[in-house]
Amino acid sequence: MTKLLKISLLLALLFLPQLLIPKDAKDVALIFKSKGVVAVKKKVTQKWQRARRGIRLDSGDKIRTGENSLAAIVFTDDKSLMKIRSRSSVRIQGKREGKSISKRIFMALGNAWFKIKRQRSEFRLETPTGVAAVKGTEFYTLVDEDGNMTVFAVEGIIELINKYGSVLLRQGEKGYSDGKTPPTSEQTGQTPQWGHEDEAPKAGELEIEYEDANGVKKTLRIEYEKNSQ
Amino acid sequence: MKNLFRFSFGLFSIVLLASAAIGQVRIVHTPPNFAVENTPIHITAYLENTSSSTVQMRLYFRALGEESFQYLEMENLGNEFAGVLPPQPQRVQKLQYFLMAIDGGMVVTLPEENPYYEPLEIQITPAETIREEQASKAPISPPAGGKYLTLPKDSFLILSPDPSETYLPNEVIIAVSLFLPSEDLDIDQTRVEVDGRPIVAEVSLNLITATIPQISPGRHLVEIFLRRPDARVYEPIRWQFLVRRSKKEFRATSVTLIPGIRGKIYAESKTEKISGRKLDNNQLGGRLQGQQGFLQFGTNFYVTSLEKKNYQPRNRLLIWADLRFLKLYFGDTSPRFSELVLWGKRVRGFDAQLNLGFINFDFVKGQTARAIEATLADCVIDSVTQDTLFINPTTGDTITTNICRYGTFQRDLTGLRVSFGKGHHFQWGLNLLKVKDDINSIQYGLRPKDNLVLGTDILIAGVNNRFWWTTEVAFSMLTDDISGGALSKADIDSTMDTDIPFDPVKYEKYLVLNTSTIPLDPRKLSSIAWTSALRLNFLNNYLTIKYKSIGSAYNSLGNTFIKKNIRGLSIYDRIRLWQNRIYLSLGYEDYWDNFSESDNNPKIHLNTIRCGFNFYPGNKLPVFNFNYRIYQRNNGVDTLLTTLTDTLDNREQNTTSEVSFNCSYNFILFDLEHTFTVNFIQLDKVDAFKETRSSLPIGINNRIQSYSLRTKYKIPLTTTISITTNKNSYLGGLNTLKFSAYELRNQYSAFNDRLIFYSGIRLFEASGGGLGTVIDYKKDQFMLGGRFYIARNQILIFDMSRISFKDHGGTYNAQGEFVKNPSFRDYTFRLRYELNL
C-alpha cells in the first residue's frame, strides 16, 4: 500500500505541473489580411504553411513575413490590432483570463504596428533587448538584426523595460533599448505612418429619402470616395 | 443607290470584323445543379483570354414556357462577374438563362451557339426536399410558441467586418468572438448567413469565422444564429457592412479618349431630292470643352457643304474661355444685353465679359451680316432685246442693267452693357448699341442703314426667386438710307422748316441723320419702347403679369423680331392642385396693335382669353389635357370707306375660337404594354361682317383628329399605328381641304439595344380645292433607319426614305385650261456618326 501510494504521488508530481500550467489558449488571434509572403507555423504541427486570410492563431503560433509583405492580425478578445510588415518574425502567446486574453508577443526581428484597446488584460511586447508594456495605446516598433528595439509612441503610454531600467514613453516620443544600457527616450517628429496605408480609402454613403409622385417612399443611395487631401 | 450599297457593305463588314474577334475570348461558368424555390440564385462567371476592364456581362433569363428573356447586368468584381436571379416559385420547374459579354466590338455568349434557343437550365427544387437534407441544421426561427433568448451584449464581439468601415470585394471576413460558457452553446447548430444565404463557417467555442472570396459591391447583411444544447435559440446577431468598388473599377466605367476634354463631335452626310430638286448637305460639327485649373475653355463648330460665299455664312465657329470673372468669346457668338436692345443676334467677332458682381461689363464687336456683292444670276431676259432687266424695288421702274440682284452690305455691330449687381436678386443695366452698314463694302447695294439704341433695365428678385420683377426702357434712332450721308443743319432747316440746335454732320460718326431717319422728331417719343414683367410663384400659383409698349418708330437691328406699334397687357396664371396632379391655367391678353395710327390705319384691339386643364393622375391612369382659347380682333370700323373712285372695305372684326383635347393612356392587354393617344383640335374663325362682305370672306374652319396606338412586345419590338384626319375650309367655305394620313412604324432592338432598326410606311392623301384650284394628291412614304452603338461612346445613325408623290390636282389658267401639277419620286438618305468624349 505504501508503495502504491508513493508511485501515485510520484505520478501526480509529474503531471501536476502540467495540470496547473494553463493550456495554451486557442483562437487568440486571426489573420484578417495578408499581402505578399506571409507564413504561419502552428505550434501543434511545427510546420510553416502559407498564411491565408481567415487563418486562426493559437497561443504559441509563429508568423513571419517576406519582402514587400504585410500581415494584419486582430486579437479575438478585444479587437486589438497588430500589423507586421516586411521581413518580420513574431510569436504570439496568449492566456485566457475570463473574457480577456493576456497577450505576450515575441518579436525577434522586424517592423510592426500595434493598436491596443484598453482592457483589463495585459499586453507585453518582448524583443531580444527589451519589453514594452502597453495598455490602450498605438505604437510602432522596430527590431533590427542585432535585436535592438526602437519604439515610437503614437498614442497612450508605453513602458519600455530592460534589465537595466525602464522608461515611460508618451505620445510623440521614441524609446530605444539595446539591452546593454538602460532604455532611453526622446521627442521625435518622425513617427512612421504606414499603419493605415493598407486600409481602403475612406468612403462615404449618402442616403436621400424622397417621395415619388404617387407618394411611394424611395431611397436614393450614393456611394462616394473621400479624397485624402 | 451606289452610296446605299457602299454603306450597307461597310456596316456588314464592321459587324463581321467584330464577330471575328469573338472566337478568342470565352465565358467560363459552372451552372448550379439546382435552385431552391423562392430563393435567389447566385450566378458567377469569368472571361478567359481577355484582360479588358471595360467588359460588361449580362445575364438573360426566363421561366420555362415564357417566350422572351429578361436580363440583368452582372457585377464586375475584378476577376469574375456575379449576378443574382430572382427567386422562382416551384411551379416554374425550370429557369432558362444564358450569358452575354460585351466589350467594344466583342460579343461573346454562353452557350456559344444559339443561346436564345438553347439556353442553360436550372431545375427549381421544392424547399421540402432541401429541408430534409438540411434537417440537422439549426432552425432560423425559434420553435413554435417560443421566443428568442436574449443574448447579452458582452457575450459576443464583432471582429469583422466592422459596420463603420468599407471593404473591397475580396477582403471580407466574417469573424465574431464568443464569450458564452460552453454549456450554453451548441456549436454544431451555429448557422451563418449573408444576405439571407447560408455560408460555410468555422465555428469553435470562442470564435466564428467565415471567409468570403468575393462579394458584390453594396450593402450586405450578416446574421448569426446560435442555439443552446437544449434547442432554445438565441436572438440572432445581425449587422450590415459596406463593400465598395475598387478605384480601378471606378475608372473602368468611364471612357476618356482625350484626357481632360469632353464633348461631342459628329459628321453627317445627307442627300435628298424633294419635289424634283436635289440637295446634298455634308456637315461636320461638335462642341468640346475642358478645364485646366480655374480656366475653362471650349469650342463649338459647324461646317457645312452648303456654305457659299454669295450667301450669308452657314458655317459656325466659336472659341471661348472662362476665367471665372472674365469670359471671352471669339467667332460666332450670340450676346444678350436685353430683349429690346440685343438678344441672341449672331455676331461674328468677339464678346468680352467682365463680371465682378457689383459691376459688370459686356463689350461686343463684330459683323451681323457679311458683304455680298450684287449678282447677275436669275436675271430677267428681255425676249426682244436680250437685255437683262431689273425691277427697281423702290420705284418699280424697269432698269436695263447688268445688275439683277443688289448685294448685301457688311453690317457692323458694336455694343456695350454696363450693369450693377450679380443678377440673382438685383441688377441695373445700361445698354448701348450701334449697328451700321459699311457702304464701302460692296459696289451695288440698296438702303444701307445706321442704327443707335440706348436702353436701361432693372431686375429685382427675392424669396428664392419666387418674386421676380423686371422693367426695361429703350430708345432708338434708325436712318433707313445712309447712302447720301448726313444732311447738314442748313439742309435740314430749309427742308423741314425748323432750326435744329446742332449740325448733324459733326456727329455723323455716331449716327447719320438725314430725311430717312426714324423718327425725324424724337420728341414725339414714337421710338420709345418699354416693357415690365412681374412673376410670382406662391401658394401653388405661378402668376405672370406683363405690360409692353413698343413705339411705332422703334427699331433695333440687334433684335429684328420685335413687333412694333403695339401696346398692352397680359396676365397668366398656372395653378397646381392635388400634389401636382392637376394643373389649371388661365390667361388674358389685351393689346392694341397700330395704337399710334401713324399710318392712318385704325388701331386694332386684340383680345385673348385662354384656359387649360391638365390632369396627371399617376401611374396606370390616363392623362388628360384640355385647352380653350378665344381670340378677337376688332379695329372698330363698321362702315365702308367710300372715295370718289372706289369703295374700300377695311372692316375687321372677327373671333377665332380653338379647342384642343388630348388623352393618353398606358394599359396592359394580352400581356403587352400599350399606349393609346387621342387628339382633337377644332378651330373656327368667324367674321362678324361675313353677310355684308363684298370681298373674299375670311372665315376658317378646321377639324383635326388623330389616334395612335403604340405597343411594346415581349421581344424588343415596338410598333406604332396612327391615323390622322383633317377637314379644313377657308375663305368662308369657298376653299376646302381634306386630308388623311395613315402611318405604321416599328422599331426593333438587337444585341441588347446596341443595334436599333426602325421602319415605317406613311400613306397620305388630300383632296379639295375651290376658286380655280383643284387639290388631289397622294403621297406614299417608306422609311427605314437604324442606330448602331459601335462602342459605348460612338454611334452610327442612318435613315432613308422613299417618297412617291402623285399629284392629280392643278389650277385653271386665264384661258380656262387645266394645268396639272407635276408628280415626283423623291428620296432622302442620311448617314451620321457621333463620338461622345
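Residues numbered from 1 in each chain as written. Chains lettered and ligands numbered in written order. Predicted model: local features only at pLDDT ≥ 70, side-chain atom pairs only at ≥ 80, totals over all residues. Heavy atoms only, no water.

Caption draft 1: View of the overall build of chain B. Helices and strands together make up the secondary structure of chain B, namely four helices and 55 strands. Counting only carbon and sulfur atoms, one obtains 56% of the accessible surface of chain B, whose full area is about 46,500 Å². (Helix = DSSP H or I, 4+ residues; strand = E, 2+ residues; numbered from the N terminus. Areas by Shrake-Rupley, 256 points an atom, 1.4 Å probe, with all protein chains shown as cover.)

Caption draft 2: Structural context of the overall build of chain A. Summing up its helical and strand segments, chain A has one helix and 19 strands in all. Within chain A, the fraction of its 229 residues that count as buried is 45%. In chain A, the share of contacts with a sequence separation of at least 24, taken over all contacts with a separation of at least 6, comes to 40%. Accessible area for chain A stands at about 13,100 Å²; split by element, carbon and sulfur atoms hold 53% of it. (Buried < 20%, exposed > 50% of the residue type's maximum accessible area, 1.4 Å probe, protein only. Contact = heavy atoms within 4.5 Å.)

Caption draft 3: Fine view of the pairing of strand E14 (residues 191-194) of chain B. All names here are of chain B. Here E14 shows two buried faces, one formed by Arg 191 and Glu 193 and the other by Val 192 and Val 194. Where E14 lies against strand E18 (residues 218-225), four bridges are found, and the strand directions are antiparallel. Bridged to Glu 193 within E18 is Glu 223. Bridge count for E14 against strand E15 (residues 197-199) is three bridges, and the pairing is antiparallel. Bridging from a neighbouring strand, Val 192 pairs with Ile 199 of E15. What sits between the antiparallel neighbours E14 and E15 is a turn of two residues, in which Asp 195 has the positive phi angle 55°. (Pairing = 2+ DSSP bridges.)

Caption draft 4: The arrangement of the packing of aromatic side chains in detail. All names here are of chain B. By the definition in use, this model includes 23 aromatic pairs over all chains. Summarising the aromatic geometry, the rings of Phe 613 and Phe 615 are spaced 6.4 Å apart at their centres and angled 25° between planes, so their arrangement reads as stacked. Classification of Phe 615 as buried rests on a relative accessible area of 17%. Ring-pair connections join several aromatic residues into one group, and the members of that group are Trp 578, Phe 613, Phe 615, Phe 624, Phe 661, Phe 680 and Tyr 707. When the ring centre of Trp 343 is taken as reference, the NZ or CZ atom of Arg 336 above it lies at 4.9 Å. Directly above the aromatic system of Tyr 266 lies the positively charged group of Arg 832, at a separation of 4.0 Å from the ring centroid. (Phe/Tyr/Trp six-rings, centres within 6.5 Å; stacked < 30°, edge-to-face > 60°. Lys NZ or Arg CZ within 6 Å of the ring centre and 35° of its normal.)

Caption draft 5: Structural view of the layout of surface pockets. Residue and element names in this part refer to chain B. In this structure, the second largest pocket spans a volume of roughly 1,100 Å³. Around the second largest pocket, the lining comprises 42 residues; the ones closest to its centre are Phe 337, Ser 338, Glu 339, Trp 343 and Glu 472. Looking at the lining of the second largest pocket element by element, the count peaks at five residues for strand E38 (residues 541-550). Here the residues of the lining of the second largest pocket sort into 15 nonpolar, 15 polar and 12 charged. (1 Å grid on protein atoms, 1.4 Å probe; cavity = no way out; pocket = protein on both sides within 12 Å on 5 of 7 lines; lining within 4 Å. Points joined across faces, edges and corners; volume = space filled by probe spheres on them. Nonpolar A, V, L, I, M, F, W, Y, C, P; charged D, E, K, R; others polar.)

Caption draft 6: Layout of the sheet that holds strand E19 (residues 237-243) of chain B. Residues and elements named next belong to chain B. Strand order across the open sheet formed by five strands is E12-E19-E18-E14-E15, with mixed pairing between neighbours. For this open sheet the edge positions go to strand E12 (166-167) and E15, each flanked by a neighbour on one side alone. Alignment of E12 against E19, held across two bridges, turns out to be parallel. For Thr 166, the partnering residue across the bridge sits in E19 and is Leu 242.

Caption draft 7: Representation of the environment of Leu 99 of chain B in the model. Residues and elements named next belong to chain B. Topologically, Leu 99 is positioned in strand E8 (residues 94-103). Classification of Leu 99 as buried rests on a relative accessible area of 0%. Sequence spacing of Leu 99 and Tyr 60 is 39 residues, and the spatial spacing of their C-alpha atoms is 6.2 Å. Setting aside residues up to four positions removed in sequence, Leu 99 forms contacts with Ile 27, His 29, Ile 43, Ala 45, Met 57, Arg 58, Leu 59, Met 74, Val 108, Thr 109 and Leu 110.

Caption draft 8: How the structure looks around the pattern of salt bridges. Residue and element names in this part refer to chain B. For the structure shown, the criterion picks out 49 salt bridges over all chains. Put simply, Asp 280 and Lys 278 hold a salt bridge, and the shortest N to O gap is 3.1 Å. For Asp 280, a relative accessible area of 37% translates into the label partly exposed. Salt-bridge contacts for Asp 671 lead to Lys 714; the nearest nitrogen and oxygen are separated by 3.1 Å. Of the two residues, Asp 671 is situated in the loop between strand E45 (653-669) and strand E46 (672-687) and Lys 714 in the loop between strand E47 (700-712) and strand E48 (717-730); the sequence distance between them amounts to 43 residues. (Salt bridge = Lys/Arg side-chain N within 4 Å of Asp/Glu carboxyl O.)

Caption draft 9: Here's a closer look at a nonpolar patch on the surface. Taken together, Phe 294, Leu 323, Phe 325, Leu 326, Leu 354, Leu 356, Phe 358, Phe 361, Phe 363, Leu 416, Leu 432 and Leu 454 of chain B make up a surface patch of nonpolar side chains, about 1,000 Å² in accessible area. Positionally, Leu 432 of chain B belongs in strand E33 (residues 426-438). (Patch = residues over 30% accessible without salt bridge, like charges linked within 9 Å, V, L, I, M, F, W, Y side chains within 5 Å.)

Caption draft 10: Fine view of the nonpolar core. In terms of nonpolar packing, the biggest core is built from 36 residues, with Ile 63, Met 82, Ile 92, Phe 123, Leu 125 and Phe 139 of chain A touching the most fellow members. The dominant element in this core, judged by the number of residues it contributes, is strand E9 (residues 100-116) of chain A, at six residues. (Core = buried A, V, L, I, M, F, W, Y, C linked by side-chain atoms within 4.5 Å.)

Caption draft 11: Local environment of the confidence of the model for chain B. Residue and element names in this part refer to chain B. A residue-level look at chain B finds 86% of positions with pLDDT of 70 or above and a mean pLDDT of 84. Of all secondary-structure elements in chain B, the lowest mean pLDDT belongs to helix H3 (residues 247-252), at 42, while strand E32 (residues 410-420) reaches the highest, 97. Here residues 7-23 is a poorly scored stretch, pLDDT under 50, and it has 11 contacts once near neighbours within four places are set aside; other chains count. (pLDDT = per-residue confidence, 0-100.)

Caption draft 12: Structural view of the pairing of strand E1 (residues 29-35) of chain A. Residue and element names in this part refer to chain A. As judged from the six bridges shared by E1 and strand E6 (residues 70-75), these two strands associate in the antiparallel manner. Counterpart to Leu 30 in the pairing with E6 is Val 74. Across two bridges, E1 lies against strand E4 (residues 56-57) in antiparallel orientation. From the neighbouring strand, Ala 29 faces E4, where its bridge partner is Leu 57.

Caption draft 13: Structural detail: the sheet that holds strand E16 (residues 202-203) of chain B. All names here are of chain B. Spatially, E11-E13-E17-E16 is the arrangement adopted by the four strands of the open sheet, whose pairing is antiparallel. Edge positions in the sheet fall to strand E11 (156-160) and E16, since each has one partner strand and no second. Summarising the sheet, strand E13 (residues 172-178) and strand E17 (residues 207-212) pair through six bridges and their orientation is antiparallel. Within the sheet, the bridge partner assigned to Ala 175 lies in E17 and is Thr 209.

Caption draft 14: Structural detail: the side chain of Arg 417 of chain B. All names here are of chain B. Residue position: Arg 417 is located in strand E32. With a relative accessible area of 8%, Arg 417 lands in the buried category. Those residues within four positions of Arg 417 in sequence are excluded, and the remaining contacts are Phe 337, Asn 360, Phe 361, Asp 362, Gln 427, Gly 429, Leu 430, Asn 431 and Asp 457.

Caption draft 15: Broad picture of the environment of Leu 64 of chain B. Looking at the secondary structure, you find Leu 64 of chain B in the loop between strand E4 (56-63) and strand E5 (70-73). Spatially, the C-alpha atoms of Leu 64 of chain B and Ile 122 of chain B are 9.8 Å apart, while their sequence positions differ by 58 residues.

Caption draft 16: How the structure looks around the confidence of the model for chain A. All names here are of chain A. Of the residues in chain A, 75% have a pLDDT of 70 or more, and the chain-wide mean is 80. Across chain A, element-level confidence peaks in strand E5 (residues 62-65) with a mean pLDDT of 93 and bottoms out in helix H1 (residues 2-20) with 61. Counting contacts from residues 17-22, a segment whose pLDDT is below 50, to residues more than four positions away or on other chains yields two contacts.

Caption draft 17: Highlighting unusual backbone geometry. Residue and element names in this part refer to chain B. Omega for the peptide link from Leu 110 to Pro 111 comes to 0°, which places this bond in the cis form. Relative to the assigned elements, Pro 111 resides in the loop between strand E9 (106-110) and strand E10 (120-125). Cis rather than trans, the peptide bond between Ile 518 and Pro 519 has omega equal to 0°. Positionally, Pro 519 belongs in the loop between strand E36 (517-518) and strand E37 (528-538). Although it is not a glycine, Ser 275 sits at a positive phi angle of roughly 50°. Among the secondary structure elements, Ser 275 is positioned in the loop between strand E20 (261-274) and strand E21 (277-292). Judged by relative accessible area, Ser 275 falls into the partly exposed class, the value being 40%. For Asp 671, which is not glycine, the phi torsion reads 65° and is therefore positive. Residue Asp 671 is classed as exposed on the basis of its relative accessible area, which comes to 52%.

Caption draft 18: Fine view of a positive patch on the surface. A cluster of basic side chains, namely Lys 778, Arg 802, Lys 806 and Arg 825 of chain B, defines a positive patch on the protein surface. Of the residues examined, Lys 778 of chain B reaches a relative accessible area of 46% and is grouped as partly exposed. (Lys, Arg positive; Asp, Glu negative; His and termini not counted. Charge placed at Lys NZ, Arg CZ, Asp CG, Glu CD.)

Caption draft 19: How the structure looks around the environment of Leu 95 of chain B. Residues and elements named next belong to chain B. Looking at the element boundaries, Leu 95 is found in strand E8. The class for Leu 95 is buried, based on a relative accessible area of 0%. Residues Leu 95 and Phe 61, spaced 34 residues apart in sequence, show a C-alpha to C-alpha distance of 7.0 Å.

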